[in-house]
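Structural overview
Here are the chains, one letter per residue:
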Amino acid sequence: MFALPSSSVLAQCSDSLRRIQLNLPVSPVSLRDQLLGHAYTLYLFTRSDIKTILVPTLLYGTAAAPGHLPLSQLSLRLLWIWVHLLQFCMSNQCAGQQEDAANKPWRPIPSRRMTSAAAWRLRCAMLVPCLLLSAKFNVPLASAALIAATLAYNELGLDTHWVPRHVCNALGYAAFNAGATYVGCTGNLCIPESSISAAQLINALVVLTTIHAPDFEDTDGDRLVGRKTLPVLFPRGSRIVTLGILVAWSTFIVAFWGTGLVLSATLVGLAALVGARFVAYDKPESDRVSFRLYTLWLCTVQIVPFLVKS
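Values in this document were obtained by computation on a predicted structure and should not be read as measured data.

The next subject is the packing of helix H8 (residues 140–155) against helix H9 (residues 162–182). Following both chains from N to C, one finds H8 and H9 inclined at 160°, their axes separated by 9 Å at the closest point. Taken together, the axis directions place H8 and H9 in an arrangement best described as roughly antiparallel. Every pair of crossing elements has a handedness; the one defined by H8 and H9 is left-handed. Judged by residue contacts, Ala142, Ala145, Leu146, Ala149, Ala152 and Tyr153 of H8 engage Arg165, Cys168, Asn169, Gly172, Ala175, Phe176 and Gly179 from H9. Of the residues contributing to the contact of H8 with H9, the split by class is 9 nonpolar, 3 polar and 1 charged.

Before going further, it helps to examine the side chain of serine 48. Relative to the helices and strands, serine 48 resides in the loop between helix H2 (31–46) and helix H3 (50–64). In this structure the side chain of serine 48 is engaged in a polar contact, spanning 3.4 Å, whose partner is the side chain of arginine 107. Apart from residues no more than four positions distant in its own chain, serine 48 is found in contact with Lys104, Trp106 and Arg107.

Helix length check: helix H13 (residues 237–257), at 21 residues, gives a terminal C-alpha distance of 30 Å against a target of 30 Å (1.5 Å per residue), a fit within 8%. Looking only at H13, the buried set comprises Ser238, Arg239, Thr242, Leu246, Trp249, Ser250, Ile253, Val254 and Trp257. Down the axis of H13, the buried set is contained in an arc of 130°. They therefore lie on one face. Of the residues one or two after H13, glycine 258 is the one with positive phi, at around 65°.

Turning next to unusual backbone geometry. Phi at arginine 112 is positive, roughly 65°, even though this residue is not glycine. Looking at the element boundaries, arginine 112 is found in the loop between helix H5 (97–103) and helix H6 (116–125). By relative accessible area, which is 76% here, arginine 112 ends up exposed. With a phi angle near 65°, asparagine 138 is a residue other than glycine that sits in the positive phi range. In this fold, asparagine 138 is placed in the loop between helix H7 (127–136) and H8.

With that out of the way, let us pick up the packing of H7 against H8. It is at 8 Å that the axes of H7 and H8 come closest, and there the two elements cross at 155°. When the interaxial angle is binned, H7 and H8 end up roughly antiparallel. Where H7 crosses over H8, the handedness of that crossing is right-handed. Facing Leu127, Cys130, Leu131 and Ser134 of H7, the residues of H8 in contact are Pro140, Ser143 and Ile147.

All right, on to the UniProt feature "transmembrane region" (unreviewed entry) in the protein chain then. Mapped onto this numbering, the UniProt entry gives "transmembrane region" (unreviewed entry) at residues 261–279 and 291–308. Taken end to end, residues 261–279 is 100% helix and 0% strand, and its two terminal C-alpha atoms sit 27 Å from one another. Secondary structure within residues 291–308 divides into 100% helix and 0% strand; the distance between the first and last C-alpha atoms comes to 26 Å.

Taken as a whole and assessed by the stated rule, the structure comprises 10 aromatic pairs. For the ring pair phenylalanine 88 and tyrosine 153, a centre distance of 5.8 Å and an interplane angle of 50° mean the geometry is tilted. Taken together, the residues phenylalanine 88 in helix H4 (residues 71–95) and tyrosine 153 in helix H8 connect sequence positions 65 residues apart. Just as phenylalanine 88 is buried, tyrosine 153 falls in that class too. Relative to phenylalanine 252, the ring of tryptophan 249 lies with its centre 5.8 Å away and its plane at 75°, an arrangement referred to as edge-to-face. Here phenylalanine 252 and tryptophan 249 lie together in helix H13, a separation of 3 residues that amounts to about one turn. The exposure class of tryptophan 249 is buried, given its relative accessible area of 15%.

Turning our attention to a nonpolar patch on the surface. On the surface, Leu151, Leu156 and Leu158 cluster together into a nonpolar patch covering about 270 Å² of accessible area. Relative to the assigned elements, leucine 156 resides in the loop between H8 and H9. A residue is classified by how much of its surface remains accessible, and leucine 156, at 60% relative accessible area, is exposed.

What follows deals with a positive patch on the surface. A contiguous patch of positive charge on the surface is contributed by Arg47, Lys51, Arg288 and Arg292. Mapping arginine 47 onto the fold places it in the loop between H2 and H3. Since its relative accessible area comes to 37%, arginine 47 is described here as partly exposed.

Parameters at a glance
Residues numbered from 1 in each chain as written. Predicted model: local features only at pLDDT ≥ 70, side-chain atom pairs only at ≥ 80, totals over all residues. Heavy atoms only, no water. Axes fitted to C-alpha atoms, helices over the stretch in contact; angles between N-to-C directions. Helix = DSSP H or I, 4+ residues; strand = E, 2+ residues; numbered from the N terminus. Parallel < 35°, antiparallel > 145°, perpendicular 65-115°, else oblique. Left-handed = near helix turned anticlockwise from the far one by under 90°. Contact = heavy atoms within 4.5 Å. Nonpolar A, V, L, I, M, F, W, Y, C, P; charged D, E, K, R; others polar. Polar contact = N/O pair within 3.5 Å; in protein donor to acceptor, adjacent residues only side chain to side chain. Expected span 1.5 Å × (residues − 1). Buried < 20%, exposed > 50% of the residue type's maximum accessible area, 1.4 Å probe, protein only. Arc of directions from axis to C-beta. UniProt positions renumbered as here; feature names shortened; annotations may be inferred. Phe/Tyr/Trp six-rings, centres within 6.5 Å; stacked < 30°, edge-to-face > 60°. Patch = residues over 30% accessible without salt bridge, like charges linked within 9 Å, V, L, I, M, F, W, Y side chains within 5 Å. Areas by Shrake-Rupley, 256 points an atom, 1.4 Å probe, with all protein chains shown as cover. Salt bridge = Lys/Arg side-chain N within 4 Å of Asp/Glu carboxyl O. Lys, Arg positive; Asp, Glu negative; His and termini not counted. Charge placed at Lys NZ, Arg CZ, Asp CG, Glu CD.

Given below as structure tokens:
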């Protein structure tokens, strides 16, 4: 008869087995997982600007372009916008590493998903697909304007003071909108060229005078790097002025385009809500919510001319 092993022996065997299992080699990461990881890193570069640039620009370009567009053209428009947005975000984040460490530590460089040197090399390499796509889609001037605005804003340091900062943003938005409108277009535009030009000008001026809205939640990081944004220079006054500017622009836009009662009330009411929130609540968490509502207002402003036309 064989004696059953004691509990202490079983415990020792279990511990030995556990040690062996822990020392087994880890299976290599699959190619699929690597590609998904790289794709997620690229997404993190653009995450903050999807709601501020990609969505408003995509809405504007799709509304202004010829009607009855095939899905493929919408995909091309989205691709063009995102590729140019990616090169801007990489440039911006290579130049603003200290600020991102304080404001957005989840971005690829401060979170160490990518080194700053690798991000800079990739940013330079992104100029090639930007220019090639723009040449293929017949929007080379829009691409050149975006690349120039990016260089001025980030590498030349024009983002450090609110005046050139706002000008670069307005020019960048105008270039994004122009490119998104004409990517792959061969037919007639949704509304006359003169109306497109008016919409472009109004949208650029709206951005010029309101683009400090995202700066409210980033004041700590901006002070850290010595950036002179409106919320840093005029913490209370800039909030009150924002309320007035948003309501004034909304009132002008509904009068200029001759919108109906429902759309007019929606746009002006949304402007009043956003502006009032910026005035009443000044914590970063509240400013983030207010900024999301601002992007909703901006998207509405972008497509008002086409809503009236339809």
